[in-house]
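# Architecture and fold: a report
Listed below are the residues making up each chain.
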Amino acid sequence: MSLMRKTHLLLAAVLLFTLGCTSLFFYPQREHVSNPAARLFLPENVFFKTSDGLALHGWFLKARDARGTVLVLHGNAENISTHASGVLWLVPEGFNVFIFDYRGYGRSEGRPTVAGVHKDADAALETLFTMEGVNKDRIVVLGQSLGGAVAIYTLANSPHKGRIKALVIESAFSSYRRIAREKTGQVCCTWPLQYPLSFTVNDRYSPVRWIGKISPTPVLILHGEQDPVVPLHHGRILFDAALPPREFWESATPGHIRSFASEAVRRRLAAYLSMALSMP
């Protein structure tokens, strides 16, 4: 590679980070894809507003004789039409599911930012506490990948924290700054600048700084031992920073946010949620 080419790539990387790293953390998709499996559960459209006036969209999937409701915060790509597939199994297990799109995803207005998606999670949680047919004392939060990071900050700062029965985190990174540094360190043209570039990333919302404030709400952290996107050590960092009651489950299924591909993990989680929801 020529010196000129290397210089251009480095300048592009610097520009990316100084503009706030939005393209590093968010890969939204506007169009919904066909999801026949999700349609079988007759998802109800839910539209709600954020504190800064954006209209967001989500799906509410009702379980028969529901044991509780799971608020799902999905990962950083695509939209609910694809992410719903990973949590549909909760509905026949007896759990309502409320899954929504962040700003700029699917049918939600706006464009995603780190600060913005945290406003979106606040709004979704507030909305859940106003919805008919939801037992407000039997709610758990499930965050996957980016959604796990957002869920930790949101719950740690929510006035509803004391009413949430459990927080389940799958394949979340421990710090926006740490994961940015690791990803830039994997690219030859940005490797020399991985540390200075990472310090341009706002670390205010990083979950490792907030997970200790979730207690006494139970925290369950799931992470794949062969996660190629968010390595296993991020899950361990979060577990070490969390306070009891806490659990760490290591999944053997290869891939990112693939824990629920295992029937054994699904059964174990259903039992965990039932126990958490039955606690006074």
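Our structure is the block above this text.
Residues numbered from 1 in each chain as written. Predicted model: local features only at pLDDT ≥ 70, side-chain atom pairs only at ≥ 80, totals over all residues. Heavy atoms only, no water.

## Topic: the pattern of salt bridges
Summed over all chains, the structure comprises 7 salt bridges. Arginine 103 serves as the salt-bridge partner of aspartate 52, at 2.8 Å between the closest nitrogen and oxygen. Here aspartate 52, found in the loop between strand 2 (44-49) and strand 3 (55-61), pairs with arginine 103, found in the loop between strand 6 (95-100) and helix 5 (114-128); they are 51 residues apart in sequence, far enough to count as distant. Classification of aspartate 52 by relative accessible area gives partly exposed; the value is 40%. (Salt bridge = Lys/Arg side-chain N within 4 Å of Asp/Glu carboxyl O. Helix = DSSP H or I, 4+ residues; strand = E, 2+ residues; numbered from the N terminus. Buried < 20%, exposed > 50% of the residue type's maximum accessible area, 1.4 Å probe, protein only.)

## Description of the pairing of strand 4 (residues 68-73)
Of all 6 residues making up strand 4, 6 are buried, and the element is well covered by its neighbours. When strand 4 meets strand 6, the two strands line up parallel, connected through 5 bridges. Across the sheet, valine 70 pairs through a bridge with valine 97, a residue of strand 6. In this structure, strand 4 lies alongside strand 7 (residues 139-144), joined through 5 bridges in parallel fashion. (Pairing = 2+ DSSP bridges.)

## A closer look at the layout of surface pockets
Put simply, the largest pocket is a space of about 520 Å³. Forming the walls of the largest pocket are 24 residues, and the residues nearest its centre are Gly75, Asn76, Ser145, His256 and Ile257. Put simply, the parts of the chain that give the lining of the largest pocket at least two residues each are helix 2 (22-25), strand 5 (77-78), helix 4 (80-83) and helix 7 (176-184). A per-class count over the lining of the largest pocket returns 12 nonpolar, 8 polar and 4 charged. Volume-wise, the second largest pocket comes out at about 300 Å³. Along the walls of the second largest pocket sit 17 residues, with Lys165, Pro216, Pro218, Ala276 and Met279 positioned nearest its centre. Every element with two or more residues in the lining of the second largest pocket is listed here: strand 8 (164-170), strand 10 (246-251) and helix 10 (263-278). Take the lining of the second largest pocket: its biggest share by element is 3 residues, from helix 10. Residues belonging to the lining of the second largest pocket are distributed by class as follows: 10 nonpolar, 2 polar and 5 charged. (1 Å grid on protein atoms, 1.4 Å probe; cavity = no way out; pocket = protein on both sides within 12 Å on 5 of 7 lines; lining within 4 Å. Points joined across faces, edges and corners; volume = space filled by probe spheres on them. Nonpolar A, V, L, I, M, F, W, Y, C, P; charged D, E, K, R; others polar.)

## Here's the deal with the packing of aromatic side chains
Taken as a whole and assessed by the stated rule, the structure comprises 13 aromatic pairs. Consider the rings of phenylalanine 173 and tyrosine 176, whose centres lie 4.9 Å apart with planes at 75°: the pair is edge-to-face. One residue, arginine 246, lies across the ring of phenylalanine 239, its end atom 4.2 Å from the ring centre. The ring centre of tryptophan 249 lies 3.9 Å from the NZ or CZ of arginine 268, which sits over that ring. (Phe/Tyr/Trp six-rings, centres within 6.5 Å; stacked < 30°, edge-to-face > 60°. Lys NZ or Arg CZ within 6 Å of the ring centre and 35° of its normal.)

## Observations concerning the nonpolar core
Within the largest apolar cluster, 51 residues are counted, with the highest numbers of intra-cluster contacts made by Leu71, Leu73, Phe98 and Tyr176. Considering every element that reaches this core, the biggest residue donor is helix 6 (residues 146-156), with 8 residues. Sequence-distant contacts of phenylalanine 98, that is, excluding residues within four places in its chain, are made with Val46, Phe48, Gly58, Trp59, Phe60, Val70, Leu71, Val72, Ala124, Thr127, Leu128 and Met131. Counting residues in hydrophobic clusters, the runner-up holds 31 residues, among them Ala38, Val87, Phe95 and Val265. (Core = buried A, V, L, I, M, F, W, Y, C linked by side-chain atoms within 4.5 Å. Contact = heavy atoms within 4.5 Å.)

## Comments concerning empty space enclosed by the protein
Summed over all chains, the structure comprises 1 cavity of 30 Å³ or more. Reported here for the largest cavity is a volume of approximately 50 Å³. What lines the largest cavity is Leu71, Leu73, Ala121, Leu125, Val141, Ala151, Thr154 and Leu155. Of all the secondary structure elements, the ones that give two or more residues to the lining of the largest cavity are strand 4, helix 5 and helix 6. The residue makeup of the lining of the largest cavity, split by class, is 7 nonpolar, 1 polar and no charged.

## Structural notes on the sheet that holds strand 9 (residues 219-224)
Pairing is mixed in the open sheet, where 8 strands are placed in the order 2-3-6-4-7-8-9-10. Edge positions in the sheet fall to strand 2 and strand 10, since each of these pairs with one other strand and no more. When strand polarity is set aside, the average angle formed by the axes of neighbouring strands in this sheet is 20°. Of the strand pairs in this sheet, strand 8 and strand 9 are connected by 4 bridges, and their pairing is parallel. Opposite isoleucine 169, over in strand 9, you have isoleucine 221 as the bridge partner. Where helix 10 meets the sheet, it contacts strand 4, strand 6, strand 7, strand 8, strand 9 and strand 10, and its direction lies at approximately 155° from that of strand 8. (Axes fitted to C-alpha atoms, helices over the stretch in contact; angles between N-to-C directions.)

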